[in-house]
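The residues making up each chain are set out below.
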Amino acid sequence: MVSVARQLLAWYLALGAAGVAVWPLAARSLLPLPGAGAALARPLGLLAGGLLLWFGNATGLAGRGRGSAWAILGLLALAAWGAEAVTVRRRDGRRAAGGSWPERPVRDWRPFLAGELLFAVAFALWGVVRAWMPAARHTEQATDLMLLHAVASGRGFPPEDPWLAGVPLAYHDLAVWIAHWVARLAGVTPDVAFNLVQAGSFALLVHAAYGLGAALSRRDGVAPRRAIPAGLLAAGAVALAGNLAFWAVRGAAQWWWAASRVVVDTGPGLPGGRVEMIHEFPFFSYLLGDPHAHVLAMPFALLLLGLLWAAASGEGGRGLWPLLALGGGAFLLLDPWELPGLALLFLLALLVRGRIRGRSFAASSLRAFAGGATLLGAGLLLVTAARGGGTVPLRGLLPNLEHPTALLPGLLVTGQFLPGLVLLLGLAARERRLPAGALAGALLAGPVAVALGLVAAATATGVSLAAVAASWTAAVPIAPLLAALAGLAFLLLAGEGEPIGPGGRERLALLAATAGLALLVAPEVALLHDTFGHRLNTVFKLSYQAWPLLALAAVRGALGAWRAGWRAAALLALGGLFAGLPYAPLALAARLEERPPEWSLDALAHLRREAPAEAALLAWVERNVPPGTRVLQAEGESYRPESVRLSTATGRPALLGWVGHEQQWRGREWGRLAAGRADAIRRLYEEAEGEELLALLVRWQVGCVLVGPEERARYRLPESREGALAAVLPEAFAAGDWRLFRMPEAGSR
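Just so we're clear, the structure is a prediction, and the values are computed from it rather than from any experiment.

So, the overall build of the chain
Of regular secondary structure, the chain possesses 35 helices and eight strands. Against the compact-globule benchmark of 27 Å for 749 residues, the chain has a radius of gyration of 27 Å, which places it among compact chains. Its C-alpha atoms give the chain principal-axis dimensions of roughly 90 × 70 × 50 Å. For the chain, contacts bridging at least 24 residues in sequence account for 78% of all contacts bridging at least 6. Accessible surface, the chain: about 27700 Å² in total, of which carbon and sulfur atoms supply 63%. Counting 65 positive and 51 negative side-chain charges, the chain places the averaged centre of each group 12 Å from the other.

Following this line, the structure appears as structure tokens:
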């Protein structure tokens, strides 16, 4: 436990150092937040440091060691604090509501300290959870561990894919570079970073949600400490709550998992006639323990949301616009699936900015499109110039004519937010004195747009309208309800109104509500055509992005209703939000009961107990086989980490790893890139001998050949076959069931 505490402390301090390094920049850009942007300073520092490390490696100006990591931290601090010193000296600090930086943190010291305490508690809590169950042994954890080792052990840029030797990584990897930077600052290995990055990301999400929730609830003349409960409620709704589905599946095996799979599409065109949609939510993701891109990207998405709120309200400083451009472009590397939602948020924020300045809807819309395209385009061009590897393999956009989500399952996965959203819209409609006709028109606009879109898509694709109608009326769909609320939210958002000061933040909540509802409606009517060929990924990624937006908006609606005297309605909305909170302790208890505690943060510590010979092999390879050396191992089998352990845990590239995952990442390029690899592996293990064996190894540039339980079982290797390998290849390592052969030096062949 001493080593666990030491590693947790080192990571905590590294995260803090990243935040302190850029705090003046965060404060100037995010003054409306408690503590002058402190809740988003860490994500900003991490994003800036990760991008510098990424660009530095892309251009050859930086390495991947501790020296480069500390140099980047120093460069960030020098730039941010140096610019602040110059600004203060010139007395050019920009004033904002509630005071300027550096006065604001002093005035907001209570919410600032509450946020810092919340961050520390969340980090410690999830650090203990990860120390209880640190092993990377299930689902897709092997992919995340592989990426960490690929960046840590690679020497070129972009890093070579350990599961497809000779080819750059195809997965969006900026979050991995950020984790690597923090790991170098903290002095921990990739296996330990695998768990610490999850604890850190969870704390970042909790803190960011707290800051945004507190900022939404600030009012004129109200002491800053009164925003603390709102911030805590927002943190709970975003990061701790589950959906309502878990109440319906509590008696099922692994109910904590089943709660994310309650929406099912059926039909003859689907694999097996049935596909479970994925409706993950943040606490489920952290509980599962797969630190994928969509999980690690969420704190940075909230950073962008905070910057966009500052842009819409006019309360941000002069560094805001470059941060928006760079932050938006960074999502091409963080999680490209976020880009459609971010583009929508950019457009809505700039539209609001124009409307509160008295511009017409048409003029504001044109400026929003031009400004959003300029900001996002500049950021995307910047990162594309140095980008390596692949992208999300999309083939276009398809209509969803056959598989609408039914009302009841839809309410189970997002219904806890609807009461708060309805109250938010009701309060805004009352304040703007919206006529009954306009209200009815706004509520009808969304469903009518959905219906017209379906008719147009069916006509264009030659699908019978009767068949579409039959699919959409087989059960009551949730899409019309969501579309109606989205239409009303947009009308209220885009209408004329007062500037967004401390007393009028409902427009910021409407911005989140409009975008969140639109993200839920989108997969009901269309899907991004990826390698799956159905809407699973579209539902998964867009609903995941909608979760924090809807949670923040619902919190604002519930608290606003309470302050307006609508106490019964507010209690209903708060009840909806609180209904999901029991998921966290109940699901966590269920997960912890599955295994006894290990009290380690090393993702591979279990091997030293359960498979000491394999652990010894991995340690030997790390010490004695140079990074970049290709290894021959059995073709990987997806969701079986033991089938690819050598390449995953060392970063040494193998000819083929998890084929199914590589195919998803590569898309149409897969056939060309994988050509001949599976056959070469089979021939090397089963047939080739003598000079033919050596020639094949040379052709595929293999430096080491592994013979272990996977290879023996997969290729049915008799002892005589291992003898044939030993006849031409020196044995470099042997322990238990594991043998590793190395190619002889060129002069000794």
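Read on for the rest.
Details of the sheet that holds strand 6 (residues 702–707)
The four strands lie next to each other as 5-6-8-7, forming an open sheet whose pairing is mixed. At either margin of the open sheet sits one strand with a lone partner, and together these are strand 5 (630–632) and strand 7 (731–735). Taken pair by pair, the neighbouring strands of this sheet meet at an average axis angle of 20°, ignoring direction. In the sheet, strand 5 pairs with strand 6 via three bridges, with the strands oriented parallel. Residue Val631 lies in a different strand from strand 6, and its bridge partner there is Cys704. Against the sheet, helix 35 (residues 719–728) contacts strand 6 and strand 8 (738–742), and its axis sits at roughly 30° relative to strand 8.

Here we look at unusual backbone geometry
Cis peptide bonds are those with omega within 30 degrees of zero, and the linkage from Phe157 to Pro158 qualifies with -5°. Relative to the assigned elements, Pro158 resides in the loop between helix 6 (141–153) and helix 7 (174–186). In this structure, Gln254 takes a positive phi of about 50° despite not being glycine. Among the structural elements, Gln254 can be located in the loop between helix 10 (245–248) and helix 11 (255–258). What makes Gln254 partly exposed here is its relative accessible area of 46%. Residue Trp599 is not a glycine yet carries a positive backbone phi of 50°. Positionally, Trp599 belongs in the loop between helix 26 (583–592) and helix 27 (605–610). Residue classification places Trp599 among the partly exposed residues on the basis of a relative accessible area of 34%.

Some points on the environment of Ser3
Inspection of the secondary structure puts Ser3 in helix 1 (residues 2–29). A C-alpha to C-alpha distance of 8.0 Å links Ser3 and Ser600, two positions 597 residues apart in sequence.

Looking at the nonpolar core
Buried together is how nonpolar side chains tend to be arranged in soluble globular proteins. Core analysis: the biggest nonpolar cluster contains 251 residues, and Trp11, Leu174, Trp181 and Tyr583 have the highest contact counts within it. A per-element tally of this core places helix 8 (residues 190–216) first, with 17 residues. Of all hydrophobic cores here, the second largest spans nine residues; its members include Val275, Ile278, Val413 and Phe540.

Let's talk about the packing of helix 5 (residues 109–132) against helix 8
Two elements in contact, helix 5 and helix 8, have axes whose closest approach is 8 Å; the angle formed by their N-to-C orientations is 150°. Viewed along their axes, helix 5 and helix 8 adopt a mutual orientation that is roughly antiparallel. Two packed elements cross with a definite hand, and for helix 5 against helix 8 that hand is right-handed. Contact residues: Pro111, Ala114, Gly115, Glu116, Leu118, Phe119, Ala122, Phe123, Trp126, Gly127 and Arg130 in helix 5; Phe194, Asn195, Leu196, Gln198, Ala199, Gly200, Phe202, Ala203, Leu204, Val206, His207 and Tyr210 in helix 8. Here the residues of the contact of helix 5 with helix 8 are counted per class, giving 15 nonpolar, six polar and two charged.

Structural notes on a positive patch on the surface
On the surface, Arg110, Arg225, Arg226 and Arg563 cluster together into a positively charged patch. Structurally, Arg226 can be placed in the loop between helix 8 and helix 9 (228–240). For Arg226, a relative accessible area of 54% translates into the label exposed.

Some remarks on the pairing of strand 7
Examined bridge by bridge, strand 7 and strand 8 share four bridges and lie antiparallel to one another. Bridge assignment links Glu731 to a residue of strand 8, and that residue is Phe741.

Examining helix 32 (residues 677–686)
Taken together, the buried positions of helix 32 are occupied by Arg677, Ala680, Ile681, Leu684 and Tyr685. Buried positions in helix 32, seen along its axis, are confined to an arc of 125° and lie on one side of it. Elements in contact with the buried residues of helix 32: strand 5, helix 31 (670–674), helix 33 (690–699), strand 6, helix 34 (709–715) and helix 35.

Quick look at the pattern of salt bridges
Across all of its chains, the model carries 27 salt bridges by this definition. In this structure, the salt-bridge partner of Arg666 is Asp161, at a minimum N-O distance of 2.7 Å. Taken together, the residues Arg666 in helix 30 (residues 659–666) and Asp161 in the loop between helix 6 and helix 7 connect sequence positions 505 residues apart. Classification of Asp161 by relative accessible area gives buried; the value is 0%.

Topic: the packing of aromatic side chains
A complete count under the given rule lists 30 aromatic pairs for this structure. Relative to Phe112, the ring of Trp23 lies with its centre 5.6 Å away and its plane at 10°, an arrangement referred to as stacked. Taken together, the residues span a long stretch of sequence, with Trp23 in helix 1 and Phe112 in helix 5 at a distance of 89 residues. If you follow Arg42 out to its NZ or CZ, it ends over the ring of Phe119, 3.9 Å from the centre. The ring of Trp255 is capped by Arg250, whose NZ or CZ atom sits 4.7 Å from the centre of that ring.

As for the side chain of Thr648
Note that Thr648 resides in helix 29 (residues 645–650). Within polar-contact distance, the side chain of Thr648 engages the side chain of Trp163 at 3.1 Å. Engagement of the side chain of Thr648 in a polar contact is seen with the backbone oxygen of Val644, the distance being 2.8 Å.

What to know about the environment of Ala239
Turning to its location among the elements, Ala239 is positioned in helix 9. Its relative accessible area of 0% is what places Ala239 among the buried residues. Each C-alpha atom, one on Ala239 and one on Ser285, is 10.0 Å from the other, the two residues being 46 residues apart in sequence. With near-sequence residues (within four places) excluded, Ala239 lies in contact with Phe202, Leu205, Val206, Pro282 and Phe283.

Quick look at the packing of helix 19 (residues 418–431) against helix 24 (residues 536–563)
Two elements in contact, helix 19 and helix 24, have axes separated by 7 Å at closest approach and are oriented at 60°. It follows from the interaxial angle that helix 19 and helix 24 lie oblique. Regarding helix 19 and helix 24, the two cross each other, and that crossing is left-handed. Residues Gly420, Leu421, Leu423, Leu424 and Leu427 of helix 19 touch helix 24, and the partners they reach there are Leu550, Ala553, Ala554, Arg556, Gly557, Ala558, Gly560 and Ala561.

Remarks on the side chain of Gln141
Turning to its location among the elements, Gln141 is positioned in helix 6. Overall, the relative accessible area of 0% leaves Gln141 in the buried class. In terms of polar contacts, Gln141 uses its side chain to reach the backbone carbonyl oxygen of Gly289, at 2.9 Å. The contacts of Gln141, once residues within four sequence positions are left out, are Arg130, Ala135, Ala136, Phe194, Leu288, Gly289 and Asp290.

Here's the deal with the pairing of strand 8
With four bridges connecting them, strand 6 and strand 8 associate as antiparallel partners. Within strand 8, the position partnered with Cys704 by the bridge is Arg742. The antiparallel pairing of strand 7 with strand 8 creates a hairpin that spans two residues between the two strands, and Gly736 there sits at a positive phi of about 60°.

Calculation notes
Residues numbered from 1 in each chain as written. Predicted model: local features only at pLDDT ≥ 70, side-chain atom pairs only at ≥ 80, totals over all residues. Heavy atoms only, no water. Helix = DSSP H or I, 4+ residues; strand = E, 2+ residues; numbered from the N terminus. Rg over C-alpha atoms; globule rule 2.2 N^0.38 Å. Contact = heavy atoms within 4.5 Å. Areas by Shrake-Rupley, 256 points an atom, 1.4 Å probe, with all protein chains shown as cover. Lys, Arg positive; Asp, Glu negative; His and termini not counted. Charge placed at Lys NZ, Arg CZ, Asp CG, Glu CD. Pairing = 2+ DSSP bridges. Axes fitted to C-alpha atoms, helices over the stretch in contact; angles between N-to-C directions. Buried < 20%, exposed > 50% of the residue type's maximum accessible area, 1.4 Å probe, protein only. Core = buried A, V, L, I, M, F, W, Y, C linked by side-chain atoms within 4.5 Å. Parallel < 35°, antiparallel > 145°, perpendicular 65-115°, else oblique. Left-handed = near helix turned anticlockwise from the far one by under 90°. Nonpolar A, V, L, I, M, F, W, Y, C, P; charged D, E, K, R; others polar. Patch = residues over 30% accessible without salt bridge, like charges linked within 9 Å, V, L, I, M, F, W, Y side chains within 5 Å. Salt bridge = Lys/Arg side-chain N within 4 Å of Asp/Glu carboxyl O. Arc of directions from axis to C-beta. Phe/Tyr/Trp six-rings, centres within 6.5 Å; stacked < 30°, edge-to-face > 60°. Lys NZ or Arg CZ within 6 Å of the ring centre and 35° of its normal. Polar contact = N/O pair within 3.5 Å; in protein donor to acceptor, adjacent residues only side chain to side chain.

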